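Listed here are the chains, written in short residue letters.
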Amino acid sequence: MLRVIILFLCMPLLTDLAFGERSANPVYVISVMQEQTPLGDITIELFPDKAPLHCKNFDSLVVLKFYDGTAFHRIDPDFMIQGGDPNS
């Protein structure tokens, strides 16, 4: 099983996304590492107008560094990843 560590870095509002688009929504960059080797970054954007409670909860956990050092525990290539389990 590929064990990948994720670290969240909070990005400011109105951040340029990968394609140069501007966003007024919260944007986060997940820095992915395996062992001590950086594998790259994943940029995600939250939509508080669609899921305000989820976004508020996610942001509060990021501020607490809850996700720092957690692993992706499920990787399905070309489909999705799951992570954030503090027991990982």
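Preceding this paragraph is the structure being described.
The structure presented is a predicted model; accordingly, all values stated were derived computationally and were not measured. (Residues numbered from 1 in each chain as written. Predicted model: local features only at pLDDT ≥ 70, side-chain atom pairs only at ≥ 80, totals over all residues. Heavy atoms only, no water.)

**Comments concerning the side chain of Thr70**
- Counting through the fold element by element, Thr70 comes out in strand 4 (residues 70-76).
- Within polar-contact distance, the side chain of Thr70 engages the backbone oxygen of Tyr67 at 2.7 Å. (Helix = DSSP H or I, 4+ residues; strand = E, 2+ residues; numbered from the N terminus. Polar contact = N/O pair within 3.5 Å; in protein donor to acceptor, adjacent residues only side chain to side chain.)

**Re the side chain of Ser31**
- One can find Ser31 in strand 2 (residues 27-34).
- Judged by its relative accessible area of 16%, Ser31 falls in the buried class.
- Of the polar contacts made by the side chain of Ser31, one reaches the side chain of Asp41; its length is 3.2 Å. (Buried < 20%, exposed > 50% of the residue type's maximum accessible area, 1.4 Å probe, protein only.)

**Section: the pairing of strand 4**
- Two elements, strand 4 and strand 5 (residues 80-83), share 4 bridges in a ladder whose sense is antiparallel. Its bridge partner lying in strand 5, Phe72 is registered against Gly83.
- Linkage of strand 4 to strand 5, two consecutive antiparallel strands, is achieved through a turn of 3 residues, within which Asp78 is found at a positive phi near 65°. (Pairing = 2+ DSSP bridges.)

**What to know about a nonpolar patch on the surface**
- Where nonpolar side chains cluster on the molecular surface, the patch consists of Ile42, Ile75 and Ile81 and spans about 210 Å² of accessible area.
- Counting through the fold element by element, Ile75 comes out in strand 4.
- In this structure Ile75 comes out as partly exposed when scored by relative accessible area, which is 37%. (Patch = residues over 30% accessible without salt bridge, like charges linked within 9 Å, V, L, I, M, F, W, Y side chains within 5 Å. Areas by Shrake-Rupley, 256 points an atom, 1.4 Å probe, with all protein chains shown as cover. Salt bridge = Lys/Arg side-chain N within 4 Å of Asp/Glu carboxyl O.)

**Comments concerning the pattern of salt bridges**
- Inspection of the entire model under this criterion finds 1 salt bridge.
- Here Asp49 makes a salt bridge to Lys50, at a shortest N to O gap of 4.0 Å. We note that Asp49, like Lys50, is exposed.

**Points about the nonpolar core**
- In terms of nonpolar packing, the biggest core is built from 7 residues, these being Tyr28, Leu46, Cys55, Phe58, Leu61, Val62 and Tyr67.
- No other element matches helix 1 (residues 52-63), which puts 4 residues into this core. (Core = buried A, V, L, I, M, F, W, Y, C linked by side-chain atoms within 4.5 Å.)

**Overview of unusual backbone geometry**
- Even without being a glycine, Lys65 presents a positive backbone phi close to 60°.
- Note on placement: Lys65 falls in the loop between helix 1 and strand 4.
- Its identity as a non-glycine residue notwithstanding, Asp78 has a phi of 65°, on the positive side.
- Here Asp78 shows up in the loop between strand 4 and strand 5.
- What makes Asp78 exposed here is its relative accessible area of 87%.

Taken by themselves, the reported measurements are silent on function.
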